[in-house]
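Overview (structure and organization)
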Amino acid sequence: EVVLFIPFYYCVRKNLTTVPWLDVFWRPSAAVAVMALVMWLLRGKTALLTIPVAALVYLVMLVILGTFRQPDVLLVMQLLPERLRKRLPFWISPS
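Here goes a summary of the coordinates provided.

Rules used in this analysis
Residues numbered from 1 in each chain as written. Predicted model: local features only at pLDDT ≥ 70, side-chain atom pairs only at ≥ 80, totals over all residues. Heavy atoms only, no water. Helix = DSSP H or I, 4+ residues; strand = E, 2+ residues; numbered from the N terminus. Buried < 20%, exposed > 50% of the residue type's maximum accessible area, 1.4 Å probe, protein only. Contact = heavy atoms within 4.5 Å. Areas by Shrake-Rupley, 256 points an atom, 1.4 Å probe, with all protein chains shown as cover. Lys, Arg positive; Asp, Glu negative; His and termini not counted. Charge placed at Lys NZ, Arg CZ, Asp CG, Glu CD. Axes fitted to C-alpha atoms, helices over the stretch in contact; angles between N-to-C directions. Parallel < 35°, antiparallel > 145°, perpendicular 65-115°, else oblique. Left-handed = near helix turned anticlockwise from the far one by under 90°. Nonpolar A, V, L, I, M, F, W, Y, C, P; charged D, E, K, R; others polar. Phe/Tyr/Trp six-rings, centres within 6.5 Å; stacked < 30°, edge-to-face > 60°.

1. Quick notes on the overall build of the protein
Each helix and strand counted, the protein has five helices and zero strands in total. Its helices and strands taken in sequence order, the protein reads α-α-α-α-α from the N to the C terminus. Here the protein, with 95 residues, has 14% of them falling under the buried criterion. A sequence separation of at least 24 residues applies to 36% of the contacts in the protein between residues at least 6 apart. Carbon and sulfur atoms form 72% of the exposed surface of the protein, whose accessible area is close to 7,900 Å². Positive and negative charge centroids in the protein, built from 10 and 4 side chains respectively, lie 7 Å apart.

This is how it looks when you write it as structure tokens:
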């Protein structure tokens, strides 16, 4: 992956723009830190509990930190069935 990444990033930087690495990585890194803390607190418990709870904490932290931008949310909303879209809270709905 690194072998492919280096020329790809070189071309992106040369022809398009630089990548704001701090902005790209801080939110997922913070979410991983919270998830790791939850996993540490659940150590010794069964994996059937720990893994789903940790995954849910990670997803919730990504949402809380604002990782997903409006275009991303709209794309996901379009993929959901209509009956599910109608049940979403007003602050999530794209309309």
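2. Brief notes about the packing of helix α2 (residues 21-41) against helix α3 (residues 47-64)
As a packed pair, α2 and α3 sit with axes 9 Å apart at the nearest point and diverge in direction by 150°. With respect to each other, α2 and α3 are oriented roughly antiparallel. α3 is crossed by α2, and the crossing has right-handed handedness. Taken together, the residues of α3 that come into contact with α2 (itself represented by Arg 27, Pro 28, Ala 31, Val 32, Val 34, Met 35, Val 38 and Met 39) are Thr 50, Val 53, Ala 54, Val 57, Tyr 58, Met 61 and Leu 62. Taken together, the residues of the contact of α2 with α3 sort by class into 13 nonpolar, one polar and one charged.

3. Let's talk about the side chain of Arg 27
Inspection of the secondary structure puts Arg 27 in helix α2. By relative accessible area, which is 13% here, Arg 27 ends up buried. Those residues in contact with Arg 27 that lie beyond four places of it in its chain are Leu 62, Leu 65, Gly 66, Thr 67 and Arg 69.

4. Some thoughts on the packing of aromatic side chains
For the structure on display, the rule yields four aromatic pairs. Judged by centre distance (5.3 Å) and plane angle (50°), the ring pair of Tyr 9 and Trp 21 falls under tilted. Here the residue Tyr 9 occupies a position in helix α1 (residues 2-15), and Trp 21 occupies one in helix α2, the gap between them amounting to 12 residues. Residue classification places Tyr 9 among the buried residues on the basis of a relative accessible area of 15%.

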